[in-house]
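Secondary and tertiary structure notes
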Amino acid sequence: MNPARQCFQIKSASVSMTALELYFFDESEFDQSLRDKINQAPGFFRDTPLIISLEKYEGPSSELDFFKIIGNCRRHNIHVIGVRGGTDDQRRLARGASLALLPGGNQRDREISEPAVEDAAGVAAGQNKAQTGPVRSAEQSGAAPARIVSQPVRSGQQVCASEGDLIVLASVQAGAEVLAAGNVHVYGPLRGRALAGIHGAEHARVFCQSLEAELVSIAGQYKISEDLQDNGWKTAVQIQLKDDSLVVTPLDRG
Amino acid sequence: MARIIVVTSGKGGVGKTTTSASISTGLAKLGHKTVVIDFDVGLRNLDLIMNCERRVVYDFVNVIQGEASLNQALIKDKRVETLYILPASQTREKEALTKEGVEKIINELSERFDYIVCDSPAGIEHGALMALYYADEAIVVTNPEVSSVRDSDRILGILQSKSRRAEMGQDPVKEHLLLTRYNPDRVEKGEMLSVADVEEILAIPLLGVIPESQIVLNASNQGVPVILEEDSDAGQAYEDAVARLLGEQREHRFMASQKKGFFSRMFKGG
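Reading the values: rules and limits
- Residues numbered from 1 in each chain as written.
- Chains lettered and ligands numbered in written order.
- Predicted model: local features only at pLDDT ≥ 70, side-chain atom pairs only at ≥ 80, totals over all residues.
- Heavy atoms only, no water.
- Helix = DSSP H or I, 4+ residues; strand = E, 2+ residues; numbered from the N terminus.
- Buried < 20%, exposed > 50% of the residue type's maximum accessible area, 1.4 Å probe, protein only.
- Contact = heavy atoms within 4.5 Å.
- Areas by Shrake-Rupley, 256 points an atom, 1.4 Å probe, with all protein chains shown as cover.
- Phe/Tyr/Trp six-rings, centres within 6.5 Å; stacked < 30°, edge-to-face > 60°.
- Lys NZ or Arg CZ within 6 Å of the ring centre and 35° of its normal.
- Salt bridge = Lys/Arg side-chain N within 4 Å of Asp/Glu carboxyl O.
- Buried area = accessible area lost by both parts, 1.4 Å probe.
- Polar contact = N/O pair within 3.5 Å; in protein donor to acceptor, adjacent residues only side chain to side chain.
- Pairing = 2+ DSSP bridges.
- Axes fitted to C-alpha atoms, helices over the stretch in contact; angles between N-to-C directions.
- Arc of directions from axis to C-beta.
- pLDDT = per-residue confidence, 0-100.
- Patch = residues over 30% accessible without salt bridge, like charges linked within 9 Å, V, L, I, M, F, W, Y side chains within 5 Å.
- Left-handed = near helix turned anticlockwise from the far one by under 90°.
- Nonpolar A, V, L, I, M, F, W, Y, C, P; charged D, E, K, R; others polar.
- Parallel < 35°, antiparallel > 145°, perpendicular 65-115°, else oblique.

**Some words on the overall build of chain A**
Looking only at helices and strands, chain A has four helices and 15 strands in total. By the burial criterion, 47% of the 254 residues in chain A qualify as buried. Taking all contacts inside chain A whose residues are at least 6 apart in sequence as the whole, residues at least 24 apart take part in 41%. Of the roughly 12,900 Å² of accessible surface on chain A, a fraction of 47% belongs to carbon and sulfur atoms.

Structure follows, in structure tokens:
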């Protein structure tokens, strides 16, 4: 052990995070929308950090009750860690609720990576230009590495690539769930549930060697087993979103 | 160091205890020092199948809680020289099995025995988790029907994530599929999944196929591990499974339906 070794070191970290883009705040509507979002991908939001983006906030500052927002999120095991953007008044309210303050907007990670703006958790958050969504939107920065799983995903297991693609080199069993911010590739039979584009990426696709799925979802649009059986069942297919509905095409015919 | 083998399934009533009794008896018959532990605290079945229920004085939980020594609790099998049974308690809660307590006993047994067979309770609760936690290998007992296969899949996932080997990042638990209550006639009629179906779904190596048979039930009722019924197909199938567990290559038998001719009926009594 090095005697001169420090107890810690401050490092610049850049972490892709989920941002909730708030347009106005109404407690019951907020809770309902949050619930809906979580139901689309139950495992994904558990214990996830979240920043509140105020750049597109249109409601009066007086309605902005951060304690209620934090409490609501907390009930779903989501941790609000800071706000991004907002007016001076709004930021004062946020500080009052012990939230970290992140600079506004359209800047990229690199531009805000000086230690001075890193919050206590050592997290510097910045997002690419936000997508719009009803309550929240989230997206990951450019080239997130794919997560690769080489064992079968068994019943009751859940594997999530919260940034980028998920590649499974074995089967996804009935009762198992695979989720990815990007595409889901299954080089084996897909018997469980597959959710691609869980942050709303509508270009995400699901690829599998044999479609036997309980459910397939892309950016929140889903089909259950019953509705999948007519087309490409038990064959190699890709599934993509076209005009708000899921389209299954055989892989051998592109 | 002993090889620690858990016999597990998720689903109840598929033949875990029958299998534990036969596999441990089979290993001991070949001269390996073997102990079989009943993890089904609160229910206690293994001692009945092994026909030693009248000799149980102390049990697994007594030893964990320091009320008895291992030697006092271990029951020596009357039929096979090198086989011992560690019975479960009928009066305690499953929570009496602590990770530390189980570890201490497994370590102690590990010094004296070649094989430790852990008979898991059904379900995926505490008792089942304790039974599989220290395992090096797992025999996943499965019936050829959809719900049993699904539960086996679930338990395989747990073996990969919650066993000591998984937590320590060691080589994964070695998995074996044992298909029990297999009835080729019903497979042909489409009433049961075939061996190929189950293998395809679970994707783990096949240790054996035990045919459905009245002999298994009779043997259990009489307190005889079915592997000792050496003339029966089920007994032979277990013997094959033990041989494969020890690394021997044996062809799988009893998987096709036997079209019985007139003569075989006459001479084998149907």
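**Some words on the packing of aromatic side chains**
Taken as a whole and judged by the stated rule, the model has four aromatic pairs over all chains. If you follow K99(B) out to its NZ or CZ, it ends over the ring of Y133(B), 4.2 Å from the centre.

**Comments concerning the pattern of salt bridges**
Residue and element names in this part refer to chain B. Inspection of every chain in the model, using the stated rule, returns 24 salt bridges over all chains. Taking the shortest distance from any N to any O, the salt bridge between R44 and D47 comes out at 2.7 Å. Pair check on accessibility: R44 and D47 agree, each one buried. Sharing partners across several salt bridges, the network here consists of D240, R244, E248, R250 and R253.

**Quick word on the interface of chain B and chain A**
Residue-level contacts link 13 residues of chain B with eleven residues of chain A. For the pair chain B and chain A, the two sides together bury roughly 910 Å², of which 35% comes from carbon and sulfur. On the chain B side of the contact with chain A, R150(B), D153(B) and Q160(B) bury the most area, a combined 49% of that side's loss. Where chain B meets chain A, there are three salt bridges. Notably, a salt bridge pairs E200(B) with R191(A), separated by 3.2 Å at the nearest N-O pair. Connecting chain B to chain A are seven residue pairs in polar contact (both at pLDDT 80 or more). Secondary structure elements with two or more residues in the side of chain B that touches chain A: α7 (146–162) and α10 (195–202) of chain B. Ranked by the residues each element gives to the side of chain B that touches chain A, the list is headed by α7(B), at seven residues.

**Details of the environment of I52(A)**
Take I52(A): it is sitting in strand β2 (residues 48–53). Those residues in contact with I52(A) that sit more than four places away from it in its chain are L20(A), L22(A), I69(A), V80(A), G82(A), V83(A) and R84(A).

**A closer look at the sheet that holds strand β5 (residues 147–149) of chain A**
Residues and elements named next belong to chain A. Spatial strand order, β5-β7-β9-β11-β14-β15: six strands in an open sheet with mixed pairing. The strands lining the two open edges of the sheet, one partner per strand, are β5 and β15 (245–250). Each strand axis lies, on average, 20° off the axis of its neighbour in the sheet, ignoring direction. In this sheet, strand β9 (residues 184–190) lies alongside strand β7 (residues 166–168) in parallel orientation, the contact comprising three bridges. Paired with I167 across the bridge in β9 is H185.

**A word on helix α3 (residues 88–96) of chain A**
Residue and element names in this part refer to chain A. For α3, the full list of buried residues reads Q90, R91 and A94. On an axial view of α3, the arc spanned by its buried residues comes to 95°, and they lie on one face. For α3, the exposed residues lying more than 90 degrees away from the buried face are D88, R92, R95 and G96. Each element contacted by the buried residues of α3 is listed here: α2 (66–75), β3 (78–84) and β4 (100–102). Looking one or two residues beyond α3, the residue adopting positive phi is S98, at roughly 60°.

**Focus: the confidence of the model for chain A**
Parts of the prediction with low pLDDT should not have their coordinates interpreted in detail. Here chain A shows a mean pLDDT of 80. Residues at 70 or above account for 81%. Across residues 106–141 of chain A the pLDDT falls below 50, and counting only partners more than four positions away or on other chains, this stretch makes 86 contacts in the model.

**What to know about a nonpolar patch on the surface**
Residue and element names in this part refer to chain A. On the surface, a cluster of nonpolar side chains totalling about 310 Å² of accessible area is made up of I148, L169 and Y187. With respect to the helices and strands, the residue I148 is situated in strand β5. Relative accessible area serves as the criterion here: at 56%, I148 is assigned to the exposed category.

**What to know about the sheet that holds strand β10 (residues 193–196) of chain A**
Residues and elements named next belong to chain A. The strand order β6-β8-β10-β12-β13 describes an open sheet built from five strands, whose pairing is mixed. The strands lining the two open edges of the sheet, one partner per strand, are β6 (158–161) and β13 (221–224). Neighbouring strand axes in the sheet, compared pairwise and without regard to direction, differ in orientation by 5° on average. Strand direction decides the pairing type here: strand β8 (residues 177–180) and β10, joined by three bridges, are parallel.

**A few points about the packing of helix α1 (residues 16–29) of chain B against helix α12 (residues 233–245) of chain B**
All names here are of chain B. The interhelical angle for the contact between α1 and α12, taken along N-to-C directions, is 65°, at an axis separation of 9 Å. With respect to the hand of their crossing, α1 and α12 are arranged in right-handed fashion. Along its contact with α1, which presents T18, T19, S22, I23, G26, L27 and K29, the element α12 presents Y238, E239, A241, V242 and L245. Its residues assigned to classes, the contact of α1 with α12 comprises six nonpolar, four polar and two charged.

**Thoughts on the environment of G101(B)**
Considering the arrangement of structural elements, one finds G101(B) in helix α5 (residues 99–112). For the pair G101(B) and V63(B), spaced 38 residues apart in sequence, the C-alpha separation works out to 8.5 Å.

**What to know about the packing of α7(B) against α10(B)**
All names here are of chain B. Relative to each other, α7 and α10 sit at 30°, their axes nearing to 10 Å. By the angle class used here, α7 and α10 are roughly parallel. Our pair here, α7 against α10, has a crossing hand that is right-handed. Where α7 abuts α10, its residues V149, S152, D153 and L156 lie against V198, I201 and L202. Residues belonging to the contact of α7 with α10 are distributed by class as follows: five nonpolar, one polar and one charged.

**Topic: the pairing of strand β11 (residues 206–211) of chain A**
Residue and element names in this part refer to chain A. For β9 and β11, the ladder comprises five bridges, and the chain directions are parallel. Within the sheet, the bridge partner assigned to H185 lies in β11 and is F207. Pairing geometry for β11 and strand β14 (residues 237–242), over three bridges, is antiparallel. Pairing of V206 across the sheet is with I239, part of β14.

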